[in-house]
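Remarks on the overall topology
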Amino acid sequence: MEIKVPDVGESVHEALLAKWFKHNGDAVRKDDLLCELETDKITLDLNADQDGILTVQVAEGQTIKIGTVIGTISDRSGEVQPPQPAAAAANSYPVHLEQEIRAAVSTPAARREMREGGIAPDSVTGTGKGGRITLDD
């Protein structure tokens, strides 16, 4: 079974794969939380639609188009799993910086701008509620 980025609205054309909660080769159960996707409008969690073994095809921190296959879940009977692209692992975003951005930034759009611009949260003064960083900052 393929795991695809769902269509979340007519004006949304891409999403950031923010975090995998399960890892390549993990056994998953139906309805297990797999990953978190961010668009400029929403943050969305994807759950497993069946039991099986997860194969991750897109690494955390990558921006992908709506409808892109980001992984597969094979049944436990040994269904052949597609290979993981080597390029996906090479382009992953540093986990420690991702955690800092998540803690300090208030919106998915602002987080994406910081990631794409390579901006560290401690270099920006937040003007949002509780000192959180907004897109305008």
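Everything below is about the structure shown above.
Conventions we followed
Residues numbered from 1 in each chain as written. Predicted model: local features only at pLDDT ≥ 70, side-chain atom pairs only at ≥ 80, totals over all residues. Heavy atoms only, no water. Pairing = 2+ DSSP bridges. Helix = DSSP H or I, 4+ residues; strand = E, 2+ residues; numbered from the N terminus. Axes fitted to C-alpha atoms, helices over the stretch in contact; angles between N-to-C directions. Contact = heavy atoms within 4.5 Å. Buried < 20%, exposed > 50% of the residue type's maximum accessible area, 1.4 Å probe, protein only.

**Topic: the sheet that holds strand 7 (residues 63-65)**
- Taking strand neighbours across the sheet as the criterion, the four strands line up as 5-4-2-7 in an open arrangement whose pairing is antiparallel. Of all strands in the sheet, those bounded by a partner on one side alone are strand 5 (43-47) and strand 7. Strand-to-strand, the axes of this sheet are offset by a mean angle of 40°, without reference to chain direction.
- As defined by bridge partners, strand 2 (residues 14-20) adjoins strand 7 across three bridges and the pair is classed as antiparallel. By the bridge assignment for strand 7, Glu14 is matched with Lys65.
- Contacts between helix 3 (residues 108-117) and the sheet are confined to strand 2, strand 4 (33-38), strand 5 and strand 7, with strand 4 contributing the most and set at about 85° to the helix.

**Thoughts on the pairing of strand 4**
- For strand 4, the tally of buried residues reaches five of six residues, placing the bulk of the element in the interior.
- Two elements, strand 4 and strand 5, share five bridges in a ladder whose sense is antiparallel. Bridge pairing links Glu38 to Thr43 in strand 5.

**Focus: the environment of Ser11**
- For Ser11, the location among the structural elements is in the loop between strand 1 (2-4) and strand 2.
- For the pair Ser11 and Asp40, spaced 29 residues apart in sequence, the C-alpha separation works out to 10.0 Å.

**Description of the sheet that holds strand 6 (residues 52-56)**
- In spatial order, the strands read 1-8-6-3; together these four strands make up an open sheet with antiparallel pairing. Bordering the open sheet on either side are strand 1 and strand 3 (27-28), each of which pairs with just one other strand.
- Sheet topology note: the strand 1/strand 8 (residues 69-74) ladder contains three bridges and is antiparallel. Bridging from a neighbouring strand, Ile3 pairs with Gly71 of strand 8.

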